[in-house]
Amino acid sequence: MVVRTYISTMLRRLQRTLTKSGKRAGAEVKVHHLTEEPTRAWETINNSQTVIQVTQMPHDTQISSKELRIVCVSDTHVLVEDVPNFIPPGDILIHAGDFGHGGAPVQVKRFNDFLGTLPHSVKIVIAGNHDQMFDERIVRHKGFVCQLIFLTETELDTQLQNYGVQSCRDILTECVYLEDSSIKICGVNFYGSPWQPKHGRVPGAFRYERGQQGLDIWNKIPNETDILITHGPPLGHGDLVDYSRDNHCGCVELLSTVQQRVKPEYHVFGHIHEGYGVTTDRKTTYINASSVDRWYSDLNKPIVFDFPIPKGHSKEELAHVKPCHLIRNKVRRFPAD
Ligand SMILES: [Zn+2]
Ligand SMILES: [Zn+2]
């Protein structure tokens, strides 16, 4: 069923009230016995699930002073920086990972410069599997990382020296970078995490084994999260990789965490380019914001929504949010401290 109109402000406010009041603190999420077979896992829970396609809000919808206009993109893979007016105006830009394509310093610089040209008061960015140089486990193995990003060690060092930095992370100075961490902006809680399940033997950053390892990552998401940002999708929403075979690849423990414990108003993600679009289970709105398509050729429009600013807060607070890196809530501000 397709909802013909996007969710109205009033409905979202009602949804927010109901969701918050329905939260049960400490509801324990368990590993699903079919965690390694997401399509089969979905078949077992499908009957009790609601997945409704949501028509997207037009970009030219008037921006209200009482709501945050949030613009979502993901998986831009250094392919949108030269596209005129690709990103519509708004208060907060969310990028759900894979801003690079391999993650060489020159790509991070290009992305960071692009962010610097955008008018949004706050830009929130997480990494994805293609942002290899943001994963400390990978960065420790310099030779391996150079293979992944197709640079020699000398070329990597030269690029970093050219930018006057020691690591790729240092280049990203135009945003709030979240890595298993949260930030409260205008009274709204955002949490960001770059992780996604391992996929065969394909190397990549921030990958986990399905099951307990994934659940341990999702257990760090605070209950009070309003807008959850992950690189990978949950099971059943924006996670189909092969429509003809109904092939799901989302994380069942992430879905369980969202539905049973955290219950955020919005869950923004990407990674599965062909899963682009918006769905709802009537409690959480799921946004797969992948900007490039499966073939890295056509572009999907950024997805926008308005989030009511809680009482006692205003947009003036946006001006106080400075770019920083929040890695497991350890704060690093710029210039480097
Ligand atoms: Zn991608
Ligand atoms: Zn990805």
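Each value, and the rule that gives it
Residue numbers restart at each chain and count upward from 1, following the sequence in its written direction. The naming scheme follows written order: chains are lettered A onward, ligands numbered 1 onward. Local features are withheld for residues below a pLDDT of 70 in this predicted model, meaning they are given only at 70 or higher, and side-chain atom pairs are given and counted only at 80 or more; totals for whole chains, interfaces and linings count all residues. Here a helix means four or more residues in a row that DSSP labels H or I, a strand means two or more in a row labelled E, and each is numbered from the N terminus. Put simply, the radius of gyration uses C-alpha atoms, and a globule should come to 2.2 Å times the residue count raised to 0.38. Any residue whose C-beta has 12 or fewer other C-beta atoms within 10 Å is treated as exposed, any with 20 or more as buried, and any in between as partly exposed, C-beta atoms being built from the backbone. Two residues qualify as a contact pair if the distance between their C-beta atoms, derived from the backbone, is within 7 Å. Among buried residues, those of type Ala, Val, Leu, Ile, Met, Phe, Trp, Tyr and Cys that are joined through C-beta atoms within 7 Å form a set called a nonpolar core. For two strands to count as paired, DSSP must find a minimum of two bridges between them. A fitted line through C-alpha atoms represents every axis, and for helices the fit uses only the stretch in contact; the resulting angles, taken between N-to-C directions, go from 0 to 180 degrees. Each residue carries a pLDDT value, the predictor's own confidence for that position, ranging from 0 to 100. Directions from the helix axis toward the C-beta atoms define the arc.

A. Spatial organisation of the overall build of the protein. A count of helices and strands for the protein gives eight helices and 19 strands. Computed over its C-alpha atoms, the radius of gyration of the protein comes to 19 Å, within 12% of the 20 Å expected for a compact globule of 337 residues. Structurally, the protein occupies a C-alpha span of about 55 × 45 × 40 Å along its principal axes. When burial is assessed residue by residue, the protein has 44% of its 337 residues classed as buried. The long-range share in the protein, meaning contacts at least 24 apart out of those at least 6 apart in sequence, stands at 72%.

B. Structural context of the nonpolar core. Judged by nonpolar contacts, the single largest core of 70 residues is most densely connected at Ile70, Cys72, Ile94, Ile124, Ile229 and Val268. Setting aside its immediate chain neighbours within four residues, Ile94 contacts Ile70, Cys72, Ile124, Ile229 and Val268.

C. Here's a closer look at helix α8 (residues 252-262). Counting buried positions along α8 yields nine of eleven residues, so the element is predominantly enclosed. Among the residues making up α8, those that are buried are Val252, Glu253, Leu254, Leu255, Ser256, Thr257, Val258, Arg261 and Val262. Its buried side turned inward, α8 meets α2 (38-45), α7 (212-218), β11 (227-230) and β14 (266-269). In the segment just after α8, Lys263 is the residue with positive phi, at about 50°.

D. Summary view of the sheet that holds strand β6 (residues 176-179). If you walk across this open sheet you meet the seven strands as β17-β3-β4-β5-β6-β18-β19, and the pairing is mixed. This sheet does not close on itself; its edge strands, each paired only once, are β17 (303-308) and β19 (330-333). Pairs of neighbouring strands in the sheet enclose a mean axial angle of 20°, with direction left out of account. By the bridge criterion, six bridges tie strand β3 (residues 67-73) to β17 in an arrangement that is antiparallel. If you follow Cys72 over to β17, its bridge partner there is Ile303.

E. Fine view of the pairing of strand β16 (residues 285-288). Going residue by residue along β16, you find Thr285 and Ile287 tucked away on one face and Tyr286 and Asn288 tucked away on the opposite face as well. Where β14 lies against β16, four bridges are found, and the strand directions are parallel. Considered in β16, the bridge of Phe269 is made with Asn288. By the bridge criterion, four bridges tie strand β15 (residues 277-280) to β16 in an arrangement that is antiparallel. In the sheet register, Thr280 faces β16, and the bridge partner there is Thr285. Between β15 and β16, which pair antiparallel one after the other, the connecting turn spans four residues, and Arg282 there sits at a positive phi close to 80°.

F. Expanded view of the confidence of the model for the protein. When the pLDDT values of the protein are averaged, the result is 91; 91% of them are 70 or greater. Note on residues 1-10: pLDDT under 50 across the span, and 18 contacts to partners over four residues away in sequence or across chains.

G. Molecular detail of α2. Turning to α2, its buried residues are Pro38, Ala41 and Trp42. Each buried residue of α2 lies within a common arc of 100° when the element is viewed along its axis, so the set occupies one face. Tucked inside the fold, the buried residues of α2 contact β13 (247-248) and α8.

H. Representation of the pairing of β15. In this structure, strand β2 (residues 52-54) lies alongside β15, joined through two bridges in antiparallel fashion. Each bridged residue has a counterpart across the sheet, and for Ile52 the counterpart in β15 is Thr280.

I. Main features of the environment of Ile227. Here Ile227 lies in strand β11. Ile227 gets classed as buried once you count the C-beta atoms within 10 Å, which come to 26. Sequence separation between Ile227 and Ile138 is 89 residues; the distance between their C-alpha atoms is 28 Å. Ignoring sequence-local partners within four residues, the contact set of Ile227 consists of Val188, Phe190, Pro264, Glu265, Tyr266 and Val268.

J. Local environment of the environment of Leu148. In this fold, Leu148 is placed in helix α5 (residues 142-148). Note on Leu148: 18 C-beta atoms within 10 Å, which makes it partly exposed. On a C-alpha basis, the gap between Leu148 and His130 in space is 9.4 Å, while along the polypeptide they are 18 residues apart. Other than its neighbours up to four places away in sequence, Leu148 contacts Gly102, Gln132 and Pro203.

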